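Residues per chain are reported as follows:
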Amino acid sequence: MKTLKFESQLDPHKKLMTVLFWINRKSARTEGCAPFLIKKITTEENIYTPEGRKLLKLSENIMEDLVRSVDGGRVIEFEISMGKEFIKAKLEGNSFSVSTEESEEIEAEIIEKLEMELGKKYPSVCQSFIPRVTPRNTQ
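A.B. asks: I'm lost on the packing of aromatic side chains in this one. Help?
C.D. replies: Remark: the centre distance and the inter-plane angle together describe each pair of aromatic rings, the angle taken between the planes. This structure, assessed with the given rule, holds three aromatic pairs. Between Phe-21 and Phe-129, the aromatic rings sit 5.5 Å apart at their centres with planes inclined by 70 degrees, giving edge-to-face as the arrangement. Pair noted here: Phe-21 is in helix H1 (residues 12–31) and Phe-129 is in the loop between helix H3 (104–117) and helix H4 (130–133), with a separation of 108 residues, a long-range link. Accessibility expressed as a relative area gives 4% for Phe-21, which makes it buried. Overall, Phe-129 belongs to the buried group, its relative accessible area being 1%.

A.B. asks: What is the right way to read H1 from this model?
C.D. replies: Three or four residues apart is the spacing at which side chains of an α-helix point the same way, because the helix has 3.6 residues per turn. For H1, built from 20 residues, the straight-helix expectation of 28 Å at 1.5 Å per residue is met to within 8% by its first-to-last C-alpha distance of 28 Å. Its side-chain oxygen 3.0 Å from the backbone nitrogen of His-13, Asp-11 forms the N-cap of H1. Looking one or two places after H1, you find Gly-32, whose phi comes out positive at around 65 degrees.

A.B. asks: Looking at this structure, I do not really get the sheet that holds strand S2 (residues 36–42). What am I missing?
C.D. replies: Each strand in a sheet pairs with another by means of backbone hydrogen bonds, the pair being arranged parallel or else antiparallel. A sheet is described by the order of its strands in space; here six strands give the open sequence S1-S6-S5-S4-S2-S3, paired in antiparallel fashion. The strands lining the two open edges of the sheet, one partner per strand, are strand S1 (2–5) and strand S3 (47–48). Alignment of S1 against strand S6 (residues 95–100), held across four bridges, turns out to be antiparallel. Across the sheet, residue Lys-2 finds its bridge partner in S6, namely Val-98. Contacting S2, strand S4 (75–82), strand S5 (85–92) and S6, H1 crosses the sheet at an angle of about 25 degrees to S4. Lying over the sheet, H3 contacts S1, S5 and S6, oriented at roughly 160 degrees with respect to S6.

Reading the values: rules and limits
- Residues numbered from 1 in each chain as written.
- Predicted model: local features only at pLDDT ≥ 70, side-chain atom pairs only at ≥ 80, totals over all residues.
- Heavy atoms only, no water.
- Phe/Tyr/Trp six-rings, centres within 6.5 Å; stacked < 30°, edge-to-face > 60°.
- Helix = DSSP H or I, 4+ residues; strand = E, 2+ residues; numbered from the N terminus.
- Buried < 20%, exposed > 50% of the residue type's maximum accessible area, 1.4 Å probe, protein only.
- Expected span 1.5 Å × (residues − 1).
- Polar contact = N/O pair within 3.5 Å; in protein donor to acceptor, adjacent residues only side chain to side chain.
- Pairing = 2+ DSSP bridges.
- Contact = heavy atoms within 4.5 Å.
- Axes fitted to C-alpha atoms, helices over the stretch in contact; angles between N-to-C directions.

Dropping the structure here:
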């Protein structure tokens, strides 16, 4: 498990999208075009999992809970799979941790990239990523 302490003036929504985007981007280096599947999101108040065969997307309700959690410095935990890789990530205030089952190298790459991106006023997040993790009717 690798951990990053950072200073960021990003709003909670951008912080969340930046974290998820770079987990996806760095995992894709070894897992290629495998689907990026959020398996579980845990906040202090709720646990979100996909229903049946549906994908877990960041709906408005889920995003509101996540934003409140980030704003309050509370813990959010993600379980994500991409190909053969299983990733656990934790965001709490200005601390981020990530662990992977297959490749510790990915952990280091995610931390290194987030160290750069979370300090920027406008972090790099590919706009085509957002519709993949949010329902079509939200941004």
